[in-house]
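Chain by chain, the residues:
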Protein chains: 2
Amino acid sequence: MTSKQEFIEKLRNSSLRPTKQRINICEVLFNRDKTFHFTINDLFNLIKDKTGEKVSLATVYNTVHAFLKKGYLKEIPINSNQTYFDTNVTDHHHFFDVNEEKLIDIKNEDVGPIEIQKSIPGKKIKSVEVLVKLED
Amino acid sequence: MTSKQEFIEKLRNSSLRPTKQRINICEVLFNRDKTFHFTINDLFNLIKDKTGEKVSLATVYNTVHAFLKKGYLKEIPINSNQTYFDTNVTDHHHFFDVNEEKLIDIKNEDVGPIEIQKSIPGKKIKSVEVLVKLED
DNA sequence: ACAAGAAATTAGAATAATTATAATATTAAA
DNA sequence: TTTAATATTATAATTATTCTAATTTCTTGT
Ligand SMILES: [Mn+2]
Ligand SMILES: [Mn+2]
Ligand SMILES: [Zn+2]
Ligand SMILES: [Zn+2]
């Protein structure tokens, strides 16, 4: 349970102006116990449902991208018609249920260490992600 | 170096009619030594370049999807504006160079075994893919 | 070889996610 | 309070992909 004030401070500290819209988006995204996987459309609808206030689709896109750049969200690579985002920005892995189109976290301790015995000269590793596709 | 005749037989055996367009697409996709990672647009342009014959974009989409369903191609999950496909349909992993927007195979022997110590009731594992993002 | 039916190709339209635009409103700082 | 910077918004533009429906090609049986 994070307070509105904390969101305002977090936004200010990130040089993002704490607008009503951004605070509402923070409430929906970060005021929860578990990690949250979502599409822009999911988020757009939840804002109306949970806060009762409408935020324009453009602002949802803008804010999600701003939060991505600040490192408060991350993008999950899956092939879907919509892009998936994650409030869990730590290095972790996923199940993707292809029937339900839902992402599920796999905790790091549930995956053995991943050893990559190959490297590309002049390039460094940015991230290592495992995606486990599930079906019925 | 695979011959045209072999492509024709392969198509017939898959109950896909060996049209001129499909054979050309086969030449571009499968007549190579190394694995080939591509987008629809890459392929569309290569067909013209390599065979001198034009194939409609709709047919490129249709054929890639047909080959996907037959298991001659696979889709690689990365977040990009375009979908990536792979002629290497074996279970394997990838580097994705985010600067050059290029996929590079990681051979299975270059990745230690991936142990997933979690399961979801009623769901079975369809695939396990590692994506290693690279940057300069 | 020919006819008939099935399947494939094609141009172009439709769809839908995302991004761009530019006018208006809000926020921060002086 | 004034002012400038920033944010929001409706709407238009862009673009990857899918759909449509007409035409063409392929296969099979005669
Ligand atoms: Mn898309
Ligand atoms: Mn995508
Ligand atoms: Zn996650
Ligand atoms: Zn590959």
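A. The packing of aromatic side chains, seen in detail. Enumeration according to the criterion identifies 10 aromatic pairs over all chains in this entry. Ring geometry for Phe30(A) and Phe67(A): centres 5.9 Å apart, planes at 40°, overall tilted. Placement of the pair is Phe30(A) in helix α2 (residues 20-30) and Phe67(A) in helix α4 (residues 57-70), with a sequence separation of 37 residues. This pair shows no difference in class: Phe30(A) is buried, exactly as Phe67(A) is. Each member of the aromatic cluster is reached from another via a ring pair, and the members are Phe30(A), Phe67(A) and Tyr72(A). We note Lys10(B) situated over the ring of Phe30(B); from NZ or CZ to the ring centre the distance is 4.9 Å. In this arrangement the basic side chain of Arg32(B) is found over the ring face of Phe36(B), its NZ or CZ atom lying 3.7 Å from the centre.

B. Here's a closer look at the side chain of Thr87(B). Residue and element names in this part refer to chain B. On the secondary structure map, Thr-87 appears in the loop between β3 (84-86) and β4 (93-97). For Thr-87, the side chain forms a polar contact with the main-chain nitrogen of Phe-36, separated by 2.8 Å. Not counting residues up to four positions away in its chain, the partners in contact with Thr-87 are Leu-29, Phe-30, Thr-35, Phe-36, Phe-38, Tyr-72 and Leu-73.

Rules and cut-offs
Residues numbered from 1 in each chain as written. Chains lettered and ligands numbered in written order. Predicted model: local features only at pLDDT ≥ 70, side-chain atom pairs only at ≥ 80, totals over all residues. Heavy atoms only, no water. Phe/Tyr/Trp six-rings, centres within 6.5 Å; stacked < 30°, edge-to-face > 60°. Helix = DSSP H or I, 4+ residues; strand = E, 2+ residues; numbered from the N terminus. Buried < 20%, exposed > 50% of the residue type's maximum accessible area, 1.4 Å probe, protein only. Lys NZ or Arg CZ within 6 Å of the ring centre and 35° of its normal. Polar contact = N/O pair within 3.5 Å; in protein donor to acceptor, adjacent residues only side chain to side chain. Contact = heavy atoms within 4.5 Å.

Fair warning: the whole summary comes from geometry, so function is off the table for now.
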